[in-house]
Amino acid sequence: KQEVTQIPAALSVPEGENLVLNCSFTDSAIYNLQWFRQDPGKGLTSLLLIQSSQREQTSGRLNASLDKSSGRSTLYIAASQPGDSATYLCAVSGSGGYQKVTFGTGTKLQVIP
Amino acid sequence: GAVVSQHPSWVICKSGTSVKIECRSLDFQATTMFWYRQFPKQSLMLMATSNEGSKATYEQGVEKDKFLINHASLTLSTLTVTSAHPEDSSFYICSASFAGMIVSYFGPGTRLTVT
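Every residue gets a number counted from 1 within its own chain, in the order that chain's sequence is written. Chain letters and ligand numbers both follow the written order, the letters beginning at A and the numbers at 1. The predicted nature of this model means local features are confined to residues of pLDDT at least 70 and side-chain atom pairs, given and counted, to a pLDDT of 80 or more, with totals for whole chains, interfaces and linings taken over all residues. In computing side-chain properties, one takes all heavy atoms of the structure into account and sets aside hydrogens as well as water.

Chemist: Help me get a handle on the state of the cysteines, residues and values and all.
Modeler: To count as a disulfide, a pair of cysteine sulfur atoms needs to be within 2.5 Å. Inspection of the entire model under this criterion finds 2 disulfides over all chains. Each disulfide pairs two cysteine sulfurs, and for Cys-23 of chain A the partner residue is Cys-90 of chain A, the sulfurs being separated by 2.0 Å. Between Cys-23 of chain A and Cys-90 of chain A, the disulfide has an S-S torsion of -55° and is therefore left-handed. Of this pair, Cys-23 of chain A sits in strand S3 (residues 19-25) while Cys-90 of chain A sits in strand S9 (residues 86-94), and the two are 67 residues apart along the sequence. Here's how the labels work: a residue is buried when its accessible area is under 20% of the maximum for its type, exposed when over 50%, partly exposed in between, all with a 1.4 Å probe on protein chains only. On the accessibility criterion, Cys-23 of chain A (2% relative accessible area) is buried. Note that Cys-23 of chain B is cross-linked by a disulfide to Cys-94 of chain B, the S-S spacing being 2.0 Å. Handedness of the Cys-23 of chain B-Cys-94 of chain B disulfide follows from its S-S torsion of about 80°: it is right-handed. With Cys-23 of chain B in strand S3 (residues 19-25) and Cys-94 of chain B in strand S9 (residues 90-97), the pair connects residues that are 71 residues apart, well separated along the chain. When sorted by exposure, Cys-23 of chain B lands in the same class as Cys-94 of chain B, which is buried. Free cysteine Cys-13 of chain B: the closest other cysteine sulfur is in Cys-94 of chain B, separated by 18 Å. Here a strand is any run of E in DSSP of at least two residues, a helix any run of H or I of at least four, and the numbering for each starts at the N terminus.

Structure (structure tokens):
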């Protein structure tokens, strides 16, 4: 059974800092990995999708890397802003079907102005 | 990208009553839909997978008689919480996909509060 863990569980940083969120998964037979953002009481916003054959994806200030063999992914946020404050979820698909997603435990980020 | 909607966005019901949540794929035909729930300060957990025209497959620990899932059309799946209890209060999110899609698309979620 796939298990996805995110470290740290919570993070507080001053505005402008670069930061890294970590995600690890136990079964490396994944189809893809996604990073989502969830604001309090809201649904999910997809940030980046990395296919199993890819090493990284970039979107604006966000960069996600994937090391499938070691079961790890990182989300790098450059020049953090207060608007980046949210919970970030890592999710992998593959075990049990490529559309079935297993979510991580989440990292709650607070960017202090 | 593909759009998935949920209705209602939030609902309050009394203990013992049933409540139905709809998940619709607005611009594609969803052969497969997934239902997740999220308890406060926890991550999303898959409840069940439904394929159009077939019975849903429930994850371990999810009561199929309590959480009734119907996927009767390629654009609509419903989750009915029967005889709701306060511990069923949660955030329910659906996702939809079709064969050949590399990802599934998530709805905005429904917040259920049982009083």
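The rest of the description comes next.
Chemist: Account for unusual backbone geometry, naming residues and giving values.
Modeler: In this chain, Ile-7 of chain A is followed by Pro-8 of chain A through a cis amide linkage whose omega measures 0°. Here Pro-8 of chain A lies in the loop between strand S1 (4-7) and strand S2 (10-14). Here the residue pair His-7 of chain B and Pro-8 of chain B is connected by a cis peptide bond, since its omega of 0° sits within 30 degrees of zero. Tracing the backbone through its elements, the reader meets Pro-8 of chain B in the loop between strand S1 (4-7) and strand S2 (10-13). You will see that Ala-79 of chain A, though not glycine, has its phi angle at about 45°, which is positive. Locating Ala-79 of chain A in the fold gives a position in the loop between strand S8 (72-77) and S9. Looking at Ala-79 of chain A, the relative accessible area reads 37%, which means it is partly exposed.

Chemist: Kindly report on the interface of chain B and chain A, identifying the contributing residues and their values.
Modeler: Contacts: residue pairs with any heavy atoms within 4.5 Å of one another. Tallying the contact residues gives 21 residues for chain B and 19 residues for chain A. Accessible area that two parts lose when put together, with a 1.4 Å probe and added across both, is what the buried area reports. The contact between chain B and chain A buries some 1500 Å² in all, and 54% of this surface belongs to carbon and sulfur atoms. Whenever a nitrogen or oxygen atom comes within 3.5 Å of another N or O atom, the pair is scored as a polar contact, on the condition that within protein one atom can donate a hydrogen and the other can accept it, and that pairs from neighbouring residues in sequence are kept only if both atoms are in side chains. At the surface where chain B touches chain A, the tally comes to 3 residue pairs in polar contact (both at pLDDT 80 or more). Where the side of chain B that touches chain A is concerned, the elements lending two or more residues are strand S4 (32-38) and S9 of chain B. Per element, the largest residue contribution to the side of chain B that touches chain A is 4 residues, and it comes from S4 of chain B.

Chemist: How would you summarise the nonpolar core if you had to cite specific residues and measurements?
Modeler: Here, the term nonpolar core denotes a set of buried Ala, Val, Leu, Ile, Met, Phe, Trp, Tyr and Cys residues that are joined through side-chain atoms within 4.5 Å. Judged by nonpolar contacts, the single largest core of 24 residues is most densely connected at Trp-35, Met-47, Phe-67, Leu-79, Tyr-92 and Leu-112 of chain B. Among the secondary structure elements, those contributing two or more residues to this core are S2, S3, S4, strand S5 (45-51), strand S7 (67-73), strand S8 (76-81), S9 and strand S11 (110-114) of chain B. Apart from the residues lying within four places of it in its own chain, the contact partners of Leu-112 of chain B are Val-11, Cys-13, Val-19, Val-81, Asp-88, Ser-89, Ser-90 and Tyr-92 of chain B. The next biggest cluster of nonpolar side chains, apart from the first, holds 22 residues, and it includes Cys-23, Phe-25, Leu-66 and Val-92 of chain A.

Honestly, it's all geometry; don't read function into it.
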